[in-house]
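This is what each chain is made of:
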Amino acid sequence: MSVENKGGLVIVSEAACKAVIDRESAFSAVESVFAAMARGDAYNFPVIREAIGYADALYGFKSGFDRAGKALGLKSGGYWPGNEAKGLTNHQSTIFLFDPDTGKLRALVGGNYLTAVRTAAASAVSIAHLARKDSKVLGMIGAGHQSTFQLRAALEQRNFEKIVAWNENKDRLGNLQAIAEEAGIPFESVEREQLGAEADVIITITSAFEPLLMKEWIKPGTHIACMGTDTKGKQEVDPALIAAATVFTDEIAQSITIGEAQHAVAQGLIAEDDITPIGDVINGKHAGRSSDDEITIFDGTGVGLQDLAIASVAAELAVKKGEAQQIEL
Ligand code: NAD
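Analysis parameters
- Residues numbered from 1 in each chain as written.
- Predicted model: local features only at pLDDT ≥ 70, side-chain atom pairs only at ≥ 80, totals over all residues.
- Heavy atoms only, no water.
- Domains from an automatic or database assignment.
- Contact = heavy atoms within 4.5 Å.
- Buried area = accessible area lost by both parts, 1.4 Å probe.
- Salt bridge = Lys/Arg side-chain N within 4 Å of Asp/Glu carboxyl O.
- Polar contact = N/O pair within 3.5 Å; in protein donor to acceptor, adjacent residues only side chain to side chain.
- Near = heavy atom within 4 Å.
- Areas by Shrake-Rupley, 256 points an atom, 1.4 Å probe, with all protein chains shown as cover.
- Helix = DSSP H or I, 4+ residues; strand = E, 2+ residues; numbered from the N terminus.
- Nonpolar A, V, L, I, M, F, W, Y, C, P; charged D, E, K, R; others polar.
- Buried < 20%, exposed > 50% of the residue type's maximum accessible area, 1.4 Å probe, protein only.
- pLDDT = per-residue confidence, 0-100.
- Axes fitted to C-alpha atoms, helices over the stretch in contact; angles between N-to-C directions.
- Parallel < 35°, antiparallel > 145°, perpendicular 65-115°, else oblique.
- Left-handed = near helix turned anticlockwise from the far one by under 90°.

**Q** Explanation requested: the domain arrangement of the protein in the structure shown.
**A** Where interface size is given, it is often the accessible area lost as the parts come together that is meant. The domains assigned to the protein are domain 1 (9-115 + 305-327) and domain 2 (132-302). Facing 20 residues of domain 1, the contacting portion of domain 2 comprises 22 residues. Both faces combined, the contact of domain 1 with domain 2 buries some 1,700 Å², and carbon together with sulfur accounts for 54% of it. Here domain 1 is connected to domain 2 by two salt bridges. Here Arg-23 makes a salt bridge to Glu-156, at a shortest N to O gap of 2.8 Å. For the pair domain 1 and domain 2, the number of links is eight residue pairs in polar contact (both at pLDDT 80 or more).

Okay, here's the thing in structure tokens:
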């Protein structure tokens, strides 16, 4: 991180993150770090994620080092399903950045808003690089906290003319409908089979543990960004759909263990070698979509380097714009 501080600790609050990071800066930070990972300039360390046996929480660390961007650190946090009832978001996280030359703690950055925008940026990057240019209908599966960020970022990638959406609890779809109305795009709550029949691009962003989208429901040429599955056992789509698609991911090691591809790999339907890092597409090493009929899937597992990349930008901008606090350690 190239933060111009006085060598002390930079603290960037959630409010400061919101003030300095927009969708455009999130998109470019995430696109650049995916490219750096594919070039071998940046790598993620193994993820630690534990059910702590308290408050139903999943807690852990995502960490890594980007040699090119000089970002070293970790995101600590997890998922507390009971938080919504307390007026808090279910995801709670904080990003720690260290000086790669000395190991000294350089920044503490609120990770809740950044997690949402970096996750939305990942699916947006996948749509930008893999969806058909003439995609008209966007399908949303899931209507929780992340879904609104996902929808806003996706709408900027193609000229969508309609949004179709499904959630297990239909009452929650109002959040997505409000964004559609704001954007002047027709919105329809549909069943999943109809969503598959209509959508050119689909984002899945749920906490499901069973397939919500079956292979036979999906049109040729669809791009699907599977964003909810980030833990062993979670699942959003039919493994047969993964086998029928060309699969891209942020990080192959995560895709086959904690990502959506874990089930197709475990069942022997696809192998690790069948999955391409999206960074290869960004770097021009892989052509990406090869025809208008191909189904493409982005298995967005969420990597620590995304968090470090966006937190570095947030810390740098917050210092520059006077939004950060700085203390001596
Ligand atoms: P949330 O709790 O606010 O919403 C959860 C959503 O999943 C809701 O729409 C809910 O109706 C739906 N859902 C839950 N269980 C389901 C089931 N069994 N079947 C169908 N739908 C079900 O959570 P959120 O903050 O919106 O996050 C959604 C998911 O995204 C979480 O599982 C989270 O772990 C994951 N996530 C992934 C990344 C990444 O980088 N890939 C980043 C952040 C969050």
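**Q** What should I look at first to understand the site of the ligand in this one?
**A** The immediate surroundings of the ligand are formed by 26 residues, with Tyr-79, Arg-118, Asn-167, Lys-234 and Gly-300 found nearest. The side chain of Arg-118 places a nitrogen or oxygen atom 2.8 Å from an oxygen atom of the ligand. Here the ligand, which alone exposes 860 Å², has 91% of that area covered by the protein. Elements with a minimum of two residues in the shell around the ligand: α3 (112-130), α4 (145-155) and β12 (209-213). Class assignment for the residues of the shell around the ligand results in six nonpolar, 14 polar and six charged. Residues from two domains meet in the shell around the ligand; each of domain 1 (9-115 + 305-327) and domain 2 (132-302) gives at least three.

**Q** Whenever I open this one, the pattern of salt bridges confuses me. Can you help?
**A** Any two side chains of opposite charge can pair if their charged atoms end up close together. In total, this model carries 14 salt bridges according to the counting rule given. For Arg-118, the salt bridge identified is with Asp-307, shortest N-O distance 2.8 Å. Of this pair, Arg-118 sits in helix α3 while Asp-307 sits in helix α11 (residues 304-320), and the two are 189 residues apart along the sequence. Accessibility classification places Arg-118 together with Asp-307 in one group, the buried group. One salt-bridge network, held together by shared partners, links Arg-132, Asp-134, Asp-200 and Lys-219.

**Q** What am I meant to see in the environment of Asn-175 here?
**A** For Asn-175, the location among the structural elements is in helix α5 (residues 174-183). Along the backbone, Asn-175 and Lys-136 are 39 residues apart, and their C-alpha atoms lie at a distance of 21 Å. Once residues lying within four places of it in the same chain are set aside, the contact partners of Asn-175 are Ala-143 and Thr-148.

**Q** Got a minute to help me understand the confidence of the model for the protein in this structure?
**A** Parts of the model with low pLDDT should not have their predicted coordinates read in detail. Across the protein, the average pLDDT comes to 96, with 98% of residues at 70 or higher. The weakest mean pLDDT in the protein belongs to strand β3 (residues 48-51) at 90; the strongest belongs to strand β11 (residues 201-204) at 99.

**Q** I would appreciate a short explanation of the packing of helix α2 (residues 23-39) against α3 in the present structure.
**A** Angle between the axes and distance between the axes: these two values describe a pair of packed helices. Their axes nearest at 8 Å, the elements α2 and α3 cross at an angle of 70°. Taken together, the axis directions place α2 and α3 in an arrangement best described as roughly perpendicular. Taken as a pair, α2 and α3 cross one another with a handedness that is right-handed. Listed contacts from α3 to Ala-26, Phe-27, Val-30, Glu-31 and Phe-34 of α2 are Val-117, Arg-118, Ala-121, Ala-122, Ala-124, Val-125, Ala-128 and His-129.

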